[in-house]
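Listed here are the chains, written in short residue letters.
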Amino acid sequence: MSHHADGNMLEKAKRGALAAYVLLLAIFLAAPIVAITLGSLTASNYVSFPPQGLTLKWYGAIFSQPVYLRALLLSLVIACLSATAAIVIGVLVALALHRYPTRLNVLLQGFVLTPVMLPSIFIGLAFLISYTRMGFGGSAFGLFAAHVVVATPFAVSLILLGVRGVNPVLEMAARSLGASPWRARRLITLPLIAWSMAAGWSFAFMMSFGSLEISLFLNTPKTVTLPVAIYTALEWSPLDPMLTAISSGLVIVTLIVLLLLVRTVKIDQLMKRGGQ
């Protein structure tokens, strides 16, 4: 009886320790976000914590700064386009890796995932050197192409999870009924992996929208993304509350994308596929 009671106490202690660890980790991760958000609400002309009064004037001041508005628009456009391009590439690569297994698939998958494994600064410098020699290093297209390369690994990884969960018999049945390969994949495979495509697009969008190192090497006076604009402004006015307001806006955009992802994608399905 005493052994059973000791076992229950030990199990409760483990659960309590795990809960405390998760709580401390959540506080550690959320503390900077909360500090930046509260700092953007200060009524003073410099960032202070705790804030000296509460106001939303710094959020309104953003709309009077065309530099940040243009940078925000450029970041949104590049993120949307690069995420969409990454999804198209991701579907083709994932289908090829899954449907045509060869000994080279491991090498091909590693090659696709290389941008995630390398330091972002190294990749940005490599893009700068190679794109400059190609003639479009200082253009919006070069910036877009670099973001596609960085975002594609996330799209491929998530779409590959979805493709592996599709029963190949379904597509074979459609083919046996007279459907062409493209029609079978469009009507059977793509709808079944739509959740992984949505997840891949969301993660690719967030990676592109928040990318600093890649954009820092490829930006020009006419192609400045929002992270680069914030980084440049911090050199001259690190305590400007408007910068904390912009940073809070970036957090809000990220949270919106995550909420849309949660509503679109079944997270338990994603975790289940990832554990297989």
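As a reminder, the structure under discussion sits directly above these lines.
Just so you know, these numbers come straight off a predicted model, no measurement behind them. (Residues numbered from 1 in each chain as written. Predicted model: local features only at pLDDT ≥ 70, side-chain atom pairs only at ≥ 80, totals over all residues. Heavy atoms only, no water.)

Colleague: Can you help me understand the overall build of the protein chain in this one?
Modeller: Regarding its fold elements, the protein chain presents 14 helices and 0 strands. Taken from the N to the C terminus, the helices and strands of the protein chain come in the order α-α-α-α-α-α-α-α-α-α-α-α-α-α. Sorting the 276 residues of the protein chain into buried and exposed places 34% on the buried side. Nonlocal contacts in the protein chain, meaning residues at least 24 apart in sequence, comprise 71% of its contacts between residues at least 6 apart. Summing over all exposed atoms, the protein chain offers an accessible surface of approximately 16600 Å²; the carbon and sulfur share of this is 73%. (Helix = DSSP H or I, 4+ residues; strand = E, 2+ residues; numbered from the N terminus. Buried < 20%, exposed > 50% of the residue type's maximum accessible area, 1.4 Å probe, protein only. Contact = heavy atoms within 4.5 Å. Areas by Shrake-Rupley, 256 points an atom, 1.4 Å probe, with all protein chains shown as cover.)

Colleague: Hey, could you run me through the packing of aromatic side chains in this one?
Modeller: Both the distance between ring centres and the angle between the ring planes are used here to describe each pair of aromatic rings. Following the criterion strictly, the structure yields 3 aromatic pairs and no others. With centroids separated by 6.4 Å and ring planes inclined at 50°, the aromatic side chains of phenylalanine 141 and phenylalanine 144 adopt a geometry described as tilted. In this pair, phenylalanine 141 and phenylalanine 144 both sit in helix H7 (residues 140-164), 3 residues apart, roughly one turn of the helix. Note on phenylalanine 144: relative accessible area 23%, which makes it partly exposed. (Phe/Tyr/Trp six-rings, centres within 6.5 Å; stacked < 30°, edge-to-face > 60°.)

Colleague: Which parts of the structure should I look at to understand the nonpolar core?
Modeller: Soluble globular proteins tend to pack their nonpolar side chains together in the buried interior. Tyr68, Ile159, Val163, Phe205, Leu226, Met242 and Ile246 are the most contacted members of the largest nonpolar core, which totals 35 residues. Every element with two or more residues in this core is listed here: helix H2 (57-62), helix H3 (66-99), H7, helix H10 (194-209), helix H12 (226-236) and helix H13 (241-264). It is H3 that provides the largest number of residues to this core, a total of 10 residues. Apart from the residues within four sequence positions on either side, isoleucine 159 is in contact with Ile87, Gly90, Val91, Ala94, Ile193, Ser196 and Met197. In terms of nonpolar packing, the next biggest core, distinct from the first, is built from 11 residues, Ile78, Phe127, Tyr131 and Val150 among them. (Core = buried A, V, L, I, M, F, W, Y, C linked by side-chain atoms within 4.5 Å.)

Colleague: Sorry, what's going on with H7 here?
Modeller: Think of an α-helix as turning once every 3.6 residues; residues three or four places apart then point the same way. In this model H7 runs 36 Å from its N-terminal to its C-terminal C-alpha over 25 residues, within 8% of the 36 Å that 1.5 Å per residue would give. Remark: the principal bend of H7, roughly 35°, maps to alanine 151, with a proline, proline 153, within the next four residues. With respect to burial, H7 is a largely interior element, 18 of its 25 residues being buried. (Expected span 1.5 Å × (residues − 1). Bend = angle between axes of the 7 residues up to and from the residue.)

Colleague: Please clarify how the side chain of histidine 147 should be interpreted in this entry.
Modeller: Inspection of the secondary structure puts histidine 147 in helix H7. There is a polar contact of 2.9 Å between the side chain of histidine 147 and the side chain of serine 215. (Polar contact = N/O pair within 3.5 Å; in protein donor to acceptor, adjacent residues only side chain to side chain.)

Colleague: In this structure, what is going on with a nonpolar patch on the surface? I would like to understand it.
Modeller: A cluster of nonpolar residues, Leu18, Tyr21, Val22, Leu25, Phe28 and Leu29, forms a patch on the protein surface that exposes about 670 Å² of accessible area. Tracing the backbone through its elements, the reader meets phenylalanine 28 in helix H1 (residues 2-39). (Patch = residues over 30% accessible without salt bridge, like charges linked within 9 Å, V, L, I, M, F, W, Y side chains within 5 Å. Salt bridge = Lys/Arg side-chain N within 4 Å of Asp/Glu carboxyl O.)

Colleague: What is the right way to read the side chain of serine 215 from this model?
Modeller: Turning to its location among the elements, serine 215 is positioned in helix H11 (residues 213-218). Apart from the residues within four sequence positions on either side, serine 215 is in contact with Leu143, His147, Thr225 and Val228.

Colleague: Explain the packing of H3 against H12 to me, please; I cannot follow it from the model alone.
Modeller: Each packed pair of helices is defined by two parameters, the angle between the axes and the distance between the axes. H12 packs onto H3 with a crossing angle of 145° between their chain directions and a minimal axis gap of 7 Å. Judged by residue contacts, Tyr68, Ala71, Leu72 and Ser75 of H3 engage Leu226, Pro227, Ala229 and Ala233 from H12. Grouping the amino acids of the contact of H3 with H12 by side-chain chemistry returns 7 nonpolar, 1 polar and no charged. (Axes fitted to C-alpha atoms, helices over the stretch in contact; angles between N-to-C directions. Nonpolar A, V, L, I, M, F, W, Y, C, P; charged D, E, K, R; others polar.)

Colleague: What's the story with the packing of H3 against H10 in this structure? I'm lost.
Modeller: Close contact between H3 and H10 brings their axes to 8 Å; oriented N to C, the two are set at 140°. Here H3 is positioned oblique relative to H10, judged by the angle of their axes. Between H3 and H10 lies a crossing whose hand is right-handed. Here Leu72, Ser75, Leu76, Ile78, Ala79, Cys80, Ser82, Ala83, Thr84, Ala86, Ile87 and Val91 of H3 lie close against H10, whose contacting residues are Met197, Gly200, Trp201, Ala204, Phe205, Ser208 and Phe209. (Parallel < 35°, antiparallel > 145°, perpendicular 65-115°, else oblique. Left-handed = near helix turned anticlockwise from the far one by under 90°.)

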